[in-house]
Every structure is written in structure tokens, then in C-alpha cells.
Amino acid sequence: MRLVLVANRRSGSGRTDGERIAGLLTGRGAAVTARAAAAAGVPLAVLPAGTANDFATALNLPRDLERACALAADPAARTRHREVGEANGHPFVNAAAAGLTAPHTPCTVRCDGETVFDGDAWQVVVAVSGAFGGGANIGGTRADDGRLHVAIVPAGSRLALARHGYRMRRAMLTRQGDVPHHRGRVIDVDVAAGTEFNVDGDLRRLEPPRFTLADGGVQVVVPVRR
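What you see is a predicted model; the values in this text were computed from it and never measured.

Definitions and cut-offs
Residues numbered from 1 in each chain as written. Predicted model: local features only at pLDDT ≥ 70, side-chain atom pairs only at ≥ 80, totals over all residues. Heavy atoms only, no water. Helix = DSSP H or I, 4+ residues; strand = E, 2+ residues; numbered from the N terminus. Buried < 20%, exposed > 50% of the residue type's maximum accessible area, 1.4 Å probe, protein only. Areas by Shrake-Rupley, 256 points an atom, 1.4 Å probe, with all protein chains shown as cover. 1 Å grid on protein atoms, 1.4 Å probe; cavity = no way out; pocket = protein on both sides within 12 Å on 5 of 7 lines; lining within 4 Å. Points joined across faces, edges and corners; volume = space filled by probe spheres on them. Arc of directions from axis to C-beta. Core = buried A, V, L, I, M, F, W, Y, C linked by side-chain atoms within 4.5 Å. Contact = heavy atoms within 4.5 Å. Pairing = 2+ DSSP bridges.

K.L.:
For this particular structure, what's the right way to read the overall build of the protein chain?
P.N.:
A count of helices and strands for the protein chain gives 4 helices and 17 strands. Classification of the 226 residues of the protein chain by burial places 42% in the buried group. Here the protein chain has roughly 12,200 Å² of accessible surface; of this, 47% comes from carbon and sulfur atoms.

Here's what the structure looks like:
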């Protein structure tokens, strides 16, 4: 089996060890070439070498590096299609979030051109898997239905904010009746100029912020069901 290893040396708080990962893969009989990431149209095997490994957690993939490498080199492994979001063309698989850096963020959210929120918010999260922040998840996302999910935590008391944070940690934010949830193929978020979005852990200024789904998505390597 031939594998291409893509490693982001700025990810995982500098803990990504490409040489060790390559060794684990070759130890399983794979021929490994290290390259930069690109839309290669080949299945993606997730190796948990990031800071929080939110994507692996959301898909119930191995979070132990040796087990993940064994799965990547397993010729019997199967694949599952997953959607990929784009934030102004920048791909993401979990979530893009803005807010919580100030008392509130004035914003307008539109789904497929229809305004679904216009006011002040603690946080706005546009999601694919819905996982973010090392264990949080907005909950309620739907895999492969051709739409993105957006959750808006409206401005209010700090007690309410703490309650919403508790729900996020348990992927139950959809149970909060005062938190609007919407879905759409194109999501536009109007925020103040210079507002940063945390896009899968990468801080980006999106001007103006527009979120879509990438054509085709990606096939992810997953364990064979026993």
C-alpha cells in the first residue's frame, strides 16, 4: 500500500512528529511519501496528532496514534463520505466560530439569502461536524445532507452564557430553546470589520464571511464494523 502523509507542523502545539508517524506507517507495510495538502481526490486517514483531535472524536475514529496508523495502513478498512465546509474558500471539517472575545458581537445571519438572526450574540458557530474547542459540540448536526448548520447564542446574562457553555460541552445546545439553529447551503454572517473566526483552530478574518460546502466532500477511512 502506498500512502501520502500530510503533516501540519504548526498544528498540535508543535507536537506533530512526521518522522514518527511515517515510521509507524512503514512498520505496517506501507510505502510513505510526505507531501503538502491538496485536493487529491483520495481517501483521507485521520492521524490524531492535533491539539484536541476534534474531528477524530466526532467521527469516533481512533485517538491513539498507533491504532490510527494501523487503520490507515489496513487494506481492509472501509471509507465513509463526509462533507467539507469552506469559509471564504478555506476548507474546514468541524466548525467556524466567532464571539466570546467581547461582551457581545452584533451580527446578522442569513441562510440561503433569508435573514434568520439580526441582533447581538455571544457566539456564532457555523458547523459541519459541530465539534470544536477540545470537547465542545453544538449538537444536532446532520451528516451529508447537503447543508451547513449554524447556531447563534444570543446576548444575555452571563448566567445564561454559562448554561449554554455547559450544554455545548455535552453536545446538547439544541435543547436550549433560546438558541436559534438553522441550516442552509450558503450561510452569510455580517459582523464588524476585523472580527476573527476560529476555523478549525485557525484564526481568520473573513471579509465578508461566507460559508459553503466544498464540491464532492471527502472519503474518510474508518474501521471495519465487526
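K.L.:
Can you walk me through empty space enclosed by the protein in this structure?
P.N.:
Here the idea is plain: a probe the size of a water molecule rolls over the atoms and shows the empty space left. One pass over the full model with this rule turns up 2 cavities of 30 Å³ or more. There is about 80 Å³ of room inside the largest cavity. If you go around the largest cavity, you meet 15 residues; those closest to its centre are Arg82, Glu83, Val128, Arg142 and Ala143. Of the voids in this model, the second largest cavity is the one considered here, and its volume is about 50 Å³.

K.L.:
For this particular structure, what's the right way to read helix α1 (residues 18-26)?
P.N.:
An α-helix turns once per 3.6 residues; consequently, residues spaced three or four apart project the same way. Considered for burial, the residues of α1 that qualify are Gly18, Ile21, Ala22 and Leu25. On an axial view of α1, the arc spanned by its buried residues comes to 100°, and they lie on one face.

K.L.:
Which parts of the structure should I look at to understand the nonpolar core?
P.N.:
The nonpolar side chains of a soluble globular protein tend to be buried, and buried together. Counting residues in each nonpolar core, the largest one holds 23 residues, and the members touching the most others are Phe92, Val109, Ile187, Val189 and Phe211. Looking at this core, the elements with two or more residues in it are β6 (95-99), β7 (105-111), β8 (114-127), β11 (148-154), β13 (187-190), β14 (196-199) and β16 (210-213). The dominant element in this core, judged by the number of residues it contributes, is β8, at 4 residues. Leave out the neighbours within four places in its chain, and phenylalanine 211 touches Glu86, Ala87, Phe92, Ala96, Val126, Leu148, Arg185, Val186, Ile187, Val189, Phe197 and Leu206. With 13 residues, the next largest nonpolar core counts Leu5, Ile21, Leu25 and Ala68 among its residues.

K.L.:
Hey, could you run me through the pairing of strand β17 (residues 218-222) in this one?
P.N.:
The two faces of the sheet receive side chains in turn, since in a regular strand these alternate between them. In terms of residue burial, β17 counts as a mostly covered element, since 4 of its 5 residues are buried. Two elements, strand β3 (residues 78-82) and β17, share 5 bridges in a ladder whose sense is antiparallel. Residue pairing in the sheet places arginine 82 in a bridge with valine 218 of β17.

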